[in-house]
Amino acid sequence: MTQPTVNLNTKLFNHTETELNDFAPRILNWFDSHGRHDLPWQQHKTDTPNPYIVWLSEVMLQQTQVTTVIPYFQRFMSSFPSVQDLANADWDMVAEHWAGLGYYARARNLHKGAKQLVEIINETGDFPQTVEGWEAISGVGQSTAGAIVAMGLHGYGVICDGNVKRVITRWAGIDGDITKSATNKQLWALAERLTPIEDSGHFAQAMMDMGATLCTRRNPNCEACPISKDCVAHAQGREMDYPFKAKKKPKPSKFSNALVLLNSKNEILWLQRPDSGIWGGLWVLPLQFEKKILGKKVLSTSEEDSVFESENTLAEQIVDKWINDNELQALSVNDGLLESAPIKHTLTHFHWYLQPQKLVLEDQQSQQITELLKQTEISLAWLSANEAKQTLGLPKAMLKVLETPELCVI
DNA sequence: TTCCTGTTAG
DNA sequence: CTAACAGGAA
């Protein structure tokens, strides 16, 4: 016998070969008798899976939970039953269907991805058939591509999303920071080792279900878990310590006014945001950046020219300047103190406080600002609160502004 | 390669 | 207060 090429002193995995091999069958048995089999996008019971359905649902499920996704998924499928329907739809129609789900870049990538897919189908006669092929589609990364190939094509694909990472860091006792690339590589290697070659789609469904219903972040149900017998975290009684993430920095707070500019017909001025950044491509009220603070320290204010330009869109700069030039006074709907701003929106790295302010314009004034904005080819619309809600599809924070009781615009 | 960013629900 | 994943900037 020749020596094994792998040095056994630096073994890759904490578990024995037998334990590694037993992992998938146990998970699959559990899923078959106790997992969810009625989610509207599941394709494991059909011999002819529809990759469009899996792609659409997987993109929606990125950063969003099953119960939230279901009604959106069903509305998408009835309006856009095929990838061609989605590719041919107008962006505003797609945005309206996505409104409220958040992370609007996903919707833009979905729309772009539909066009890319239609092109590939017209050339090759079918959807991409490989993980690499799917990774080339906008909005599809490594894990989503693996999921689509495994579940949407019944081919071989590995997933390593947040659910899988939680399950396997606990099971294998992996305590490295999962935001570090070394740990990420380790997790992908383990996910690949555990995924059965011939049944990866079934396994992917089962792992996602495990993570969502049993191996949950809080109160994991280890009693019902098929792999608790050799789970390192369970043996240590430290389930909640996994997955480990280094603690993050305190978030600064940012304060802005949300301007409700009303014309004589009681219509509100709406501006379409640039494609990148917050609420990209969606319709939003003009915002006025006021200041950003961390604790008591003022980080930046609208007084600084560079901040005025970086914190406001071009359209917002025009609106702000026009209001100042005309010495108009927008009125806060409450006491106007920054700290009591009624809308709070928390992002990854800052808290955003929005203060609704109302300003009623004369006909001449609303025409003037409309002209000014149109000169720079900014998309704008004058619509009542209800019309805007129905036809534009607004992000949640804008709905909250409209629902501010003192505003009386609904 | 690594770092930074987005939104909502639980 | 925390989690989720892809893309673009640094």
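Residues numbered from 1 in each chain as written. Chains lettered and ligands numbered in written order. Predicted model: local features only at pLDDT ≥ 70, side-chain atom pairs only at ≥ 80, totals over all residues. Heavy atoms only, no water.

**What about the protein's contact with DNA strand C?**
- Residues in contact with DNA strand C amount to 16 residues; listed here are only the nearest, Tyr103, Gly139, Thr144, Asp161 and Gly162.
- The sugar-phosphate backbone supplies 72% of the atoms of DNA strand C found within 4 Å of the protein.
- Between Gly141 and DNA strand C, the recorded distance is 3.2 Å, taken from a backbone N or O atom to a sugar or linking oxygen.
- Of the residues in the surface near DNA strand C, the class split is three nonpolar, eight polar and five charged. (Near = heavy atom within 4 Å. Polar contact = N/O pair within 3.5 Å; in protein donor to acceptor, adjacent residues only side chain to side chain. Nonpolar A, V, L, I, M, F, W, Y, C, P; charged D, E, K, R; others polar.)

**A word on the UniProt feature "domain: HhH-GPD" (unreviewed entry) in chain A**
- Taken from the UniProt record, the annotation "domain: HhH-GPD" (unreviewed entry) applies to residues 60-213.
- The annotated region residues 60-213 carries 69% helix and 0% strand content, and the separation between its end C-alpha atoms amounts to 19 Å. (UniProt positions renumbered as here; feature names shortened; annotations may be inferred. Helix = DSSP H or I, 4+ residues; strand = E, 2+ residues; numbered from the N terminus.)

**Observations concerning the domain arrangement of chain A**
- Examined at the domain level, chain A breaks down into domain 1 (10-241) and domain 2 (253-402).
- Here the C-alpha centroids of domain 1 and domain 2 sit 37 Å apart.
- Opposite the eight residues of domain 1 that make contact, domain 2 presents 15 residues.
- Carbon and sulfur atoms supply 50% of the area that domain 1 and domain 2 bury against each other, a total of about 810 Å² over both sides.
- Looking only at domain 1, the three residues that lose the most surface to domain 2 are Glu96, Tyr104 and Arg108, adding up to 54% of its buried area.
- Counting the contacts that link domain 1 with domain 2 gives zero salt bridges.
- Between domain 1 and domain 2 we count three residue pairs in polar contact (both at pLDDT 80 or more) in total.
- At the level of elements, helix 5 (91-98) and helix 6 (104-124) are the ones that each hand at least two residues to the side of domain 1 that touches domain 2.
- The element contributing the most residues to the side of domain 1 that touches domain 2 is helix 5, with three residues.
- Looking at side-chain class alone, the side of domain 1 that touches domain 2 contains four nonpolar, one polar and three charged residues. (Domains from an automatic or database assignment. Contact = heavy atoms within 4.5 Å. Buried area = accessible area lost by both parts, 1.4 Å probe. Salt bridge = Lys/Arg side-chain N within 4 Å of Asp/Glu carboxyl O.)

**Details of empty space enclosed by the protein**
- According to the stated counting rule, one finds one cavity of 30 Å³ or more in the structure shown.
- In this model, the largest cavity occupies a volume close to 110 Å³.
- Lining of the largest cavity is provided by 14 residues; of these, Arg170, Cys215, Cys222, Cys225 and Cys231 occupy positions nearest its centre.
- At three residues, the largest contribution of residues to the lining of the largest cavity is made by helix 9 (residues 162-172).
- Here the residues of the lining of the largest cavity are counted per class, giving nine nonpolar, three polar and two charged. (1 Å grid on protein atoms, 1.4 Å probe; cavity = no way out; pocket = protein on both sides within 12 Å on 5 of 7 lines; lining within 4 Å. Points joined across faces, edges and corners; volume = space filled by probe spheres on them.)

**So, helix 3 (residues 66-79)**
- Compared with an ideal rise of 1.5 Å per residue, which puts 14 residues at 20 Å, helix 3 spans 20 Å between its outermost C-alpha atoms and is within 8% of the ideal.
- Taken residue by residue, helix 3 has Val66, Val69, Tyr72, Phe73, Phe76 and Met77 as its buried positions. (Expected span 1.5 Å × (residues − 1). Buried < 20%, exposed > 50% of the residue type's maximum accessible area, 1.4 Å probe, protein only.)

**Observations regarding the layout of surface pockets**
- For the largest pocket, the calculated volume is near 1,600 Å³.
- Lining the largest pocket are 39 residues, and of these Leu61, Gln63, Gly162, Asn163 and Arg166 sit closest to its centre.
- Partitioning the lining of the largest pocket into residue classes produces 15 nonpolar, 14 polar and ten charged.
- In this structure, the second largest pocket occupies an estimated 450 Å³ of space.
- Around the second largest pocket sit 18 residues that line it, and Gly102, Tyr103, Ile278, His345 and Leu347 are the ones nearest its centre.
- Counting residues per element, the ones that place at least two in the lining of the second largest pocket are helix 6, strand 7 (343-346) and helix 17 (396-402).
- Sort the elements by how many residues they give to the lining of the second largest pocket and helix 6 lands first, with three residues.
- Residues that form the lining of the second largest pocket fall into these classes: nine nonpolar, seven polar and two charged.
- There are two domains that each give the lining of the second largest pocket at least three residues, and those are domain 1 (10-241) and domain 2 (253-402).

**Observations concerning the pairing of strand 8 (residues 351-360)**
- Counting buried positions over the ten residues of strand 8 gives eight, a clear majority of the element.
- Inspection of the sheet shows strand 6 (residues 331-332) paired to strand 8 by two bridges, in the antiparallel sense. Counterpart to Leu331 in the pairing with strand 8 is Lys358.
- The pairing of strand 7 with strand 8 spans four bridges and is antiparallel. Bridging across to strand 8, Ile343 finds its partner in Leu354.
- Joining the antiparallel neighbours strand 7 and strand 8 is a turn of four residues. (Pairing = 2+ DSSP bridges.)

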